Amino acid sequence: MKARAAVESALARIEGLEGELGALLDVDEDGARARADVLDRESEPRSPLHGVPFLVKANLCWRGRPTSAASRALEGYRPPYDATVLAQLVAAGANPLGSCNMDEFGFGSSGEHSSFGATRNPWDLSRSPGGSSSGCAAAVAAGFAPFALASDTGGSVRQPAALCGISGFKPSYGRLSRHGLIAFASSLDTVGVLADSIERIEQVLAIASGLDPRDATTRALPEVFAEAPREHLRGVRIGVDRHALELVTHSASRACVESALDALRALGAELIPIELAFARHAVATYQLISSCEAASNLARYDGLRYGPRERGDATLQGSIAATRGAGLGREARRRVLLGTFALSQGEREAWLERAARVRRLVRDELSACFERIDVLVGPTVPEPAFRLGERLDDPLAMYACDALTAPASLAGLPAASVPCGSVEEDGVALPLGLQLVGAPLADARVLAIARCFQSATAHHRAQPPLCGSLS
Amino acid sequence: MPHPAEERLLRAAELARIALEPHEVPALARDLERTLAAWASLSALDVEHVEPLWSLAESPGPGRADRVAPSLERGELLAGAAEVEDGMLRVPDALGGAR
């Protein structure tokens, strides 16, 4: 399809469905059309993504476009530069269409903590699409674009991908540049990809990865796609963590995951039970570390250099406190206050330092299990999408959404989520995801196995009923 | 006299430089206490001889040559500021006088 036709088709879809979803915060219609016309005049495609429209999470800097991370503290902010990953994709001929709604600064698992309204799940508009990459997941599931660039700190790509029935990938820490990603928790943040297939994610990673002089955490890593596509999984050892399965108390969801495990076995893989003693402490460890790092990273939102400013009592300190009080939403304040408390004099050792020690246990245990297995597989989420509003006043229930995704984040491991079927609730099919976690830097292996699963199943081709009205 | 949980929250708010409305203090204090109680589960683990893991970056990274390079224009950098005067950020008086 020509680039201009792809843009027009995407804009028509957005026009038809965005009013119901609330997935987008900005659409660059004129820019997308202009870029498409330039791309269509070129004689040779720049890459397999030449002319392909995509979306970006609103925490990735896009020069001259509103980039708020869904926070009032950055309302109206237009960055003077592009995030490296965005620039890499544009240089390869991919065409950014707009930016997506999200939980403010990445704080949330439901999309409800956006300062600009919640996003709805295209499979059931009364339910959450997950988060924090809520808008990206809902938009890709609704067919606005075949992929979106997002971020994953504790599960923010994988969890919404699972709940919206699409593919998601969090690469190894250091694989993709974070230059231009609005920081949440720097020892955990990664740029990630949500897409209509694993094959598409591989195309994106082939372009957007590698050493970036502007991000000191990036590494010159081996080529992502060293592994050829697989037709079977004979000889592949797949670990299954019993504790992860036990977290799926919803019986239909459990059956769905077990049938995905059967599919892996049918492809020839050997399934090996794994016991992880420390992964069950991942939520507390992750929440502590990420809240402390967020408290530090968000100190910059003081109304002095960017973002709206409140006057307060007209002193500098009064203005800063009033600005932060008005600019940071409820969950952002909750996390900054928790993190500040855990960092304060007399508390740091008991909270943050202890969590950092437990993090080492989680990381070492996970790394060691890859001596016996090639990938660790299990559910991405313990249950299908929950109803909007259901957990808003219960932060602990919301934090528990990270239980299955946080371990890989703490260890910096590559992890994918692929659609693995659906369960029916109130007459509506709700998708679920299968998570595949790889050994340190084994991004290629995770993707190759995920792609093999995807080529043997049709779950990723299922579309929300909402989309039928437009096709 | 605030409840000890509220005192703890207000101290954190002061350190974090966040002005809270009085009506939101009790709920935020309750959330703080509940969350800390849940996180306290980590104290059951023996980590005395475990080194903290602070970063996943194993090396200092690629680094860059220490020399002046082209930068963004001053005007671009100031464009997002609430108040600018003579090419500089204008901020409220740090010593307490009103501006």
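The present account deals with the structure reproduced in this document. Sequence positions are assigned chain by chain, starting from 1 and proceeding in written order. Each chain takes a letter, starting from A, and each ligand takes a number, starting from 1, following the order in which they are written. Totals for whole chains, interfaces and linings use every residue, but because this is a predicted model, local features are given only for residues with pLDDT of at least 70 and side-chain atom pairs only at 80 or more, for both listing and counting. Note: side-chain values were computed over all heavy atoms of the structure, leaving out hydrogens and water.

## A look at the pairing of strand β6 (residues 190-195) of chain A
Residue and element names in this part refer to chain A. Any residue under 20% of the maximum accessible area for its type is buried, any over 50% is exposed, and the rest in between are partly exposed; the area is computed with a 1.4 Å probe on protein chains only. Only DSSP runs of H or I covering at least 4 residues are called helices, and only runs of E covering at least 2 are called strands; the numbering of each starts at the N terminus. Counting buried positions along β6 gives six out of six residues, so the element sits mostly inside the fold. Taking every second residue as pointing to the same face, both faces of β6 are buried, with Thr190, Gly192 and Leu194 on one and Val191, Val193 and Ala195 on the other. Note: strand β4 (residues 147-152) against β6, six bridges, orientation antiparallel. Along β6, the bridge assignment pairs Leu149 with Val193. The pairing criterion for strands is at least two bridges between them, as found by DSSP.

## With respect to the sheet that holds strand β1 (residues 24-27) of chain A
What holds strands together in a sheet is hydrogen bonding between their backbones, with the strands either parallel or antiparallel. Residue and element names in this part refer to chain A. Taking strand neighbours across the sheet as the criterion, the 11 strands line up as β1-β3-β2-β4-β6-β5-β10-β11-β9-β7-β8 in an open arrangement whose pairing is mixed. Two strands lie at the open edges of the sheet, namely β1 and β8 (270-274), each paired on one side alone. Strand-to-strand twist of the sheet, defined as the mean angle between neighbouring strand axes without regard to direction, takes the value 30 degrees. Two strands pair when backbone bridges link them, and strand β10 (residues 415-425) and strand β11 (residues 428-438) are joined in this way by nine bridges, in the antiparallel orientation. Residue pairing for β11: Ala416 is matched across the bridge by Leu436. Helix-sheet contacts for helix α15 (residues 443-456) involve β5 (167-170), β9 (375-379), β10 and β11, and the interaxial angle to β10 is about 30 degrees. A fitted line through C-alpha atoms represents every axis, and for helices the fit uses only the stretch in contact; the resulting angles, taken between N-to-C directions, go from 0 to 180 degrees. Should any heavy atoms of two residues lie within 4.5 Å, those residues are considered in contact.

## Some words on the pattern of salt bridges
Residue and element names in this part refer to chain A. We define a salt bridge as a side-chain nitrogen of Lys or Arg found within 4 Å of a carboxyl oxygen belonging to Asp or Glu. Tallied over the full model, the rule gives 41 salt bridges over all chains. Note that Arg33 and Glu29 form a salt bridge whose closest N and O atoms lie 3.4 Å from each other. Linking Arg33 with Glu29, this pair stays in helix α2 (residues 29-41), spanning four residues, or about one helical turn. A relative accessible area of 22% places Arg33 in the partly exposed class.

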